Amino acid sequence: MRWLAALLLVLWAMPLAAQDAPPAILIADDVTLTRDRQLIATGNVEAFQGTTRLTAAAIRYDGQTGTLDITGPITIEDGEDIIILADQAQLSRDLRNGLLQGARLVLNDQLQLAAVEMNRVGGRYTQLYKTAVTSCRVCETGRPPLWSIRAKRVVHDQQERQLYFDGAQFRIGAVPILYLPRLRMPDPTLERATGFLIPSLRSTSQLGTGIKVPYFIKLGDSRDLTLTPYLSSSTETLEFRYRQAFTNGRIEFNGAYTRDDLRPGEARGYLFGFGTFNLGNDYVLTFDIETTSDDAYLTEYSYSEKDRLDSAVTLTRAKRDELRQFSFVNYKTLRDGENNATLPTNIFDAVYERRMFPRALGGELRLTAAAHSHVRTSTVSVDGPDADLLPDGRDVYRVNVGAEWTRSWSFASGLQMQALLGLEGDAFRIAQDSTTPDNAAGLTPEAALTFRYPMTRTGARGTQLLEPILQIAWVGGSTLAVPIEESARVEFDEGNLLALSRFPRPDARERGTFAALGVNWSYFGDSGLNTRLSLGQVIRNDPAAGYTLSSGLGGTSSDVLVAAHLSLAGGLSLTGRALIGGDFHTTKAELRGGWSNRRARLSGSYIWLTDDLAEDRPDPVSELTLDGAFNIDKHWSATADVRYDLDGDRATYAGIGLTYDNECVSARLSVNRRYTSSTSVEPSTNVGFTVSLRGFSAQTGTESYARTCK
């Protein structure tokens, strides 16, 4: 019979009271008190002292010396993250000091330290002698774990959450690989600590084989710095990352400084940074910085695939019925054949929008005001020796204001109608352009009626929705003599079928009388089958001006827009869109899809664009992209991705990866090849290899790939 030994509790707790320690509790099946003040507890013994819980087969407490002789098997749980197992022990009555034999220390259910002898000191330090450390599963077959660290002595500082090793050997299996006289590492309960991180190997056809060894520096509770030397036969690079969190935001900067053989004598590098801050009163400030020393650096070192860099600062206030936004963006091109001096690299935008709901008119009234400018650094007002036929230094400034009122009605027959009335005002100033007037301004009135007639039918297996759409619209005003730069490329899709101007920006507007016809059909199956099909076309009185050939919007009748979506319960999803002309000639088409289950994932896309000199595309584009992953078993997984130019019949990029995971190690091998080339970038092959040891971080693995003992 288990019982609470109240008398023994008093005898044990009274000496502790003088030390201001919390009282201890002892529970056992059988308790004996001898004449010489020795307390003997046997049978399912449990002792509690603060956050420490001890279980053992037997405990002998000597009231004169204040020590506990404990017979195992012994388990000590010190808080949530520390467990000690031992064969026998001699501890102080508060369980904070003493000696344990045949002991094992388990930290955060990850890292286990087995020792011949363990000594607890002051409830803070645990010293282990002749120790083996590993996070791998240790089986009773006698075979060594996959990896381990053997040390003469290991000290665990419970307060600082650090492990100190004396005379450490790193072993793979039973083979010593590395000897370290002194070693300090964080225990798994510590999320951030100064020290080395997992190194990685990287081999490229341009830079040779090298190693990256990151070193993490904790600068405080809210900021840190990571320095990563990258050394190979062709480069000496120092990478860095700085992060800092604030009460109302955060920042992060990534960069590198390089000296290499690719450009001898030159200092190379890059800097990317971003940040966001909540300024109060619903205002949010964001910024990002992107800069590099030369056009090829980011690609050669695999830091980024971007060929146009943008640095921006934006101030936004978004509320339910109001939007205020101010932004400045600076662009830098890395593309061959593009000159930063003749590109609009400095762009400023200011936008204000407000929604109101007038009771007298009903519906919604939306007011907008916008200011924009894009400026080139060149000061030449005529076309220079390039192929774009544009003045090299042309700068554009514009102001746009507008008011738009909309109201919807639903009739008993099911017909839905929406009316729209609006007025837009545009003012432009063109500088450093000898081919156009300096100023232009105009008003654009607009009106539209949109009719929808949604119909549903529910069957035994699902529900269908059919919705015909008709819009009749008129846009007045005259086309302004301003250069079309912001709306040089137009996309025709479901999102702007009913727009009064399908140009993305107000430097161009669609004018005249036109009608938009469309139909949506959807099916929602009970078995998980969902489909959607949309058709649309725009018909005009007069041919539209300003649209490119491949936009699908030229002439009096636009191309037919076809868009479809299919999803199945088995994990398959497909989305497609195409523009089909009157002779069934396809000007643009795209198909995206994905499929996944518990073992595999596959996604891909196909895009087709016809040639169009107005969009700087002298040749058709036909490209296929595939990306997939497969779990071979619970330890091994593989990934692959490829990008193939079907029109040129060649691959532009291909990569594969192989990963091994278990409860104590993670290893990844990756190989990729970039086939494209330019005057500044050569084709290259990259090989990367990283091995991570689990158990020395606060992030745990999952039991799904834990090995089993046979």
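Let us look at the structure shown here.

1. Focus: a nonpolar patch on the surface
Taken together, the side chains of Leu201, Ile211, Leu231, Phe630, Ile632, Trp636, Leu658, Leu669, Phe689 and Val691 present a nonpolar region at the surface, about 810 Å² in accessible area. Its location among the elements puts Val691 in strand β43 (residues 684-693).

2. A short note on the pairing of strand β20 (residues 249-260)
Across 12 bridges, strand β19 (residues 235-246) lies against β20 in antiparallel orientation. Counterpart to Phe240 in the pairing with β20 is Gly255. By the bridge criterion, 10 bridges tie β20 to strand β21 (residues 268-280) in an arrangement that is antiparallel. Opposite Ile251, over in β21, you have Gly275 as the bridge partner.

3. Quick notes on the state of the cysteines
With the rule as written, the count across this model stands at 1 disulfide. The disulfide partner of Cys136 is Cys664, and the gap between their sulfur atoms is 2.0 Å. Looking down the S-S bond of the Cys136 and Cys664 bridge, the torsion is 80 degrees, so its handedness is right-handed. In this pair, Cys136 is assigned in the loop between β10 (125-134) and β11 (147-157) and Cys664 in the loop between β41 (650-661) and β42 (665-674), connecting sequence segments 528 residues apart.

4. Let's talk about the environment of Arg694
If you trace the backbone, Arg694 turns up in the segment after β43. Under the relative-accessibility criterion, Arg694 is labelled buried at 18%. Taking the C-alpha atoms as reference points, Arg694 and Cys136, separated by 558 residues in sequence, lie 8.5 Å from one another.

5. Comments concerning the nonpolar core
Among the nonpolar cores identified, the biggest contains 43 residues, and Leu54, Ile70, Leu100, Leu113 and Phe165 are the most heavily contacted of them. In terms of residue count, the dominant contributor to this core is strand β7 (residues 82-92) (5 residues). With residues near it in sequence (within four places) discarded, Phe165 still touches Val133, Ile149, Ala151, Arg153, Val154, Pro181, Arg182, Leu183 and Met185. Grouped together as the second largest cluster of nonpolar side chains are 18 residues, Ala473, Val475, Phe503 and Ala544 included.

6. Side note on the pattern of salt bridges
Overall, the coordinates contain 45 salt bridges when judged by the stated rule. For the salt bridge of Arg324 with Glu322, the shortest nitrogen-to-oxygen distance reads 3.4 Å. In this structure, Glu615 and Arg617 form a salt bridge, with 3.0 Å as the shortest nitrogen-oxygen distance. When its relative accessible area of 10% is taken as the criterion, Arg617 is described as buried. Connected via shared salt-bridge partners are Asp260, Arg263, Glu266, Arg268, Asp294 and Glu300.

7. A look at the packing of aromatic side chains
Going through the model one piece at a time under the given rule, you end up with 13 aromatic pairs. An angle of 10 degrees between the planes, with centres 5.9 Å apart, marks the rings of Tyr301 and Tyr303 as stacked. When its relative accessible area of 2% is taken as the criterion, Tyr301 is described as buried. Ring centres of Phe503 and Tyr547 lie 4.2 Å apart, and the angle between their planes is 5 degrees; this geometry places the pair in the stacked category. Here Phe503 is found in the loop between β31 (462-475) and β32 (512-525), whereas its partner Tyr547 is found in the loop between β33 (530-544) and β34 (555-557), with 44 residues between them in sequence. Residue class for Phe503 comes out buried when judged on its relative accessible area of 7%. Among the residues examined, Tyr547 registers a relative accessible area of 12% and is labelled buried. Within the aromatic cluster, the residues linked to one another by ring pairs are Tyr230, Tyr270, Phe272, Tyr297, Tyr301 and Tyr303. The ring centre of Tyr230 lies 5.1 Å from the NZ or CZ of Lys212, which sits over that ring.

8. Overview of the environment of Arg452
Its place among the elements puts Arg452 in strand β29 (residues 439-452). In this structure the C-alpha to C-alpha distance between Arg452 and Gly576, which are 124 residues apart in sequence, comes to 24 Å. Once you skip the residues sitting within four places of it in the chain, Arg452 turns out to touch Gly414, Leu415, Gln416, Glu467, Pro468, Ile469 and Leu498.

9. Considerations on the side chain of Ser135
Within the element layout of this structure, Ser135 appears in the loop between β10 and β11. The contact partners of Ser135, leaving out residues within four places of it in the chain, are Gln110, Leu111, Trp147, Glu663, Cys664, Arg694 and Gly695.

Basis of the calculations
- Residues numbered from 1 in each chain as written.
- Predicted model: local features only at pLDDT ≥ 70, side-chain atom pairs only at ≥ 80, totals over all residues.
- Heavy atoms only, no water.
- Patch = residues over 30% accessible without salt bridge, like charges linked within 9 Å, V, L, I, M, F, W, Y side chains within 5 Å.
- Areas by Shrake-Rupley, 256 points an atom, 1.4 Å probe, with all protein chains shown as cover.
- Salt bridge = Lys/Arg side-chain N within 4 Å of Asp/Glu carboxyl O.
- Helix = DSSP H or I, 4+ residues; strand = E, 2+ residues; numbered from the N terminus.
- Pairing = 2+ DSSP bridges.
- Disulfide = S-S within 2.5 Å.
- Buried < 20%, exposed > 50% of the residue type's maximum accessible area, 1.4 Å probe, protein only.
- Core = buried A, V, L, I, M, F, W, Y, C linked by side-chain atoms within 4.5 Å.
- Contact = heavy atoms within 4.5 Å.
- Phe/Tyr/Trp six-rings, centres within 6.5 Å; stacked < 30°, edge-to-face > 60°.
- Lys NZ or Arg CZ within 6 Å of the ring centre and 35° of its normal.

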